[in-house]
Amino acid sequence: AIMSTSNSTTLVQNNTSSTEIQDCLACRVVGSASFTGIGSYALWQSRAAAPGALVHKRMLGGLGVGMLI
């Protein structure tokens, strides 16, 4: 296998010419925290006491669940 590394990604190429890109740990942590934060915020904005139309709240609720899964 041929490995070329940089600060953000690792490129691994096998003899079967398939390429796989692996993110570094810090990138995974930041990405996971971002999606969790956005999903939590969307769920918070979809609660009954939040201002806005019912349709918008349902869309935000779906977005929030999608981001957290």
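Residues numbered from 1 in each chain as written. Predicted model: local features only at pLDDT ≥ 70, side-chain atom pairs only at ≥ 80, totals over all residues. Heavy atoms only, no water.

## Points about the overall build of the chain
For clarity, the cut-off: Secondary structure follows DSSP: runs of H or I at least 4 residues long count as helices, runs of E at least 2 residues long count as strands, and numbering of each begins at the N terminus. For every residue, the accessible area obtained with a 1.4 Å probe (protein chains only) is divided by the maximum for its type, and the residue is called buried under 20%, exposed over 50%, and partly exposed between those limits. Note on definitions: a residue-residue contact is assigned when non-hydrogen atoms from the two residues lie within 4.5 Å. Residue burial considers only the protein chains on display, and all accessible areas are found by Shrake-Rupley using a 1.4 Å probe.
Within the chain, the secondary structure is distributed over 2 helices and 3 strands. Its helices and strands in sequence order give the chain the pattern β-β-β-α-α, from N to C terminus. The buried share of the chain, taken over its 69 residues, is 10%. Across the chain, the fraction of contacts at a sequence separation of at least 24, relative to all contacts at a separation of at least 6, is 16%. Of the roughly 5,400 Å² of accessible surface on the chain, a fraction of 63% belongs to carbon and sulfur atoms.

## Quick notes on the confidence of the model for the chain
Here is the rule: As a per-residue measure, pLDDT reflects the predictor's confidence and takes values from 0 up to 100.
Mean pLDDT over the chain stands at 80; residues scoring 70 or higher make up 74%. Taken element by element, the chain is modelled with least confidence in strand β1 (residues 2-5), mean pLDDT 52, and with most confidence in helix α1 (residues 25-45), mean pLDDT 92.

## Digging into the packing of aromatic side chains
Test applied: Ring pairs shown here join Phe, Tyr and Trp side chains whose ring centres sit within 6.5 Å, with only the six-membered ring taken for Trp; geometry is labelled stacked below 30 degrees between planes, edge-to-face above 60, and tilted in between. For a lysine, the NZ atom is tested; for an arginine, the CZ atom; a charge sits over a ring if that atom is within 6 Å of the ring centre and within 35 degrees of the ring normal.
Inspection of the entire model under this criterion finds 0 aromatic pairs. The side chain of arginine 47 reaches across the aromatic face of tryptophan 44, ending 4.1 Å from its centre.

## Considering a nonpolar patch on the surface
Our working definition: What makes a patch is a set of residues exposed beyond 30% relative accessible area and free of salt bridges, joined within 9 Å when like-charged and within 5 Å when nonpolar (Val, Leu, Ile, Met, Phe, Trp, Tyr). Counted as salt bridges are all cases of a side-chain nitrogen of Lys or Arg within 4 Å of a carboxyl oxygen of Asp or Glu.
Taken together, Leu43, Val65, Leu68 and Ile69 make up a surface patch of nonpolar side chains, about 380 Å² in accessible area. The topology assignment puts valine 65 in helix α2 (residues 54-68).

## Side note on the side chain of lysine 57
Rules: His is not counted, nor are the chain ends, whereas Lys and Arg count as positive and Asp and Glu as negative. Polar contacts, as counted here, are pairs of nitrogen or oxygen atoms within 3.5 Å of one another; within protein the pair requires one atom able to donate a hydrogen and one able to accept it, and residues that are adjacent in sequence qualify only if both atoms are side-chain atoms.
Relative to the elements of secondary structure, lysine 57 occurs in helix α2. Buried and unpaired, lysine 57 has no salt bridge, with aspartate 23 as the nearest side chain of opposite charge at 35 Å. Within the structure, lysine 57 has its side chain in polar contact with the backbone oxygen of alanine 50 (distance 2.7 Å).

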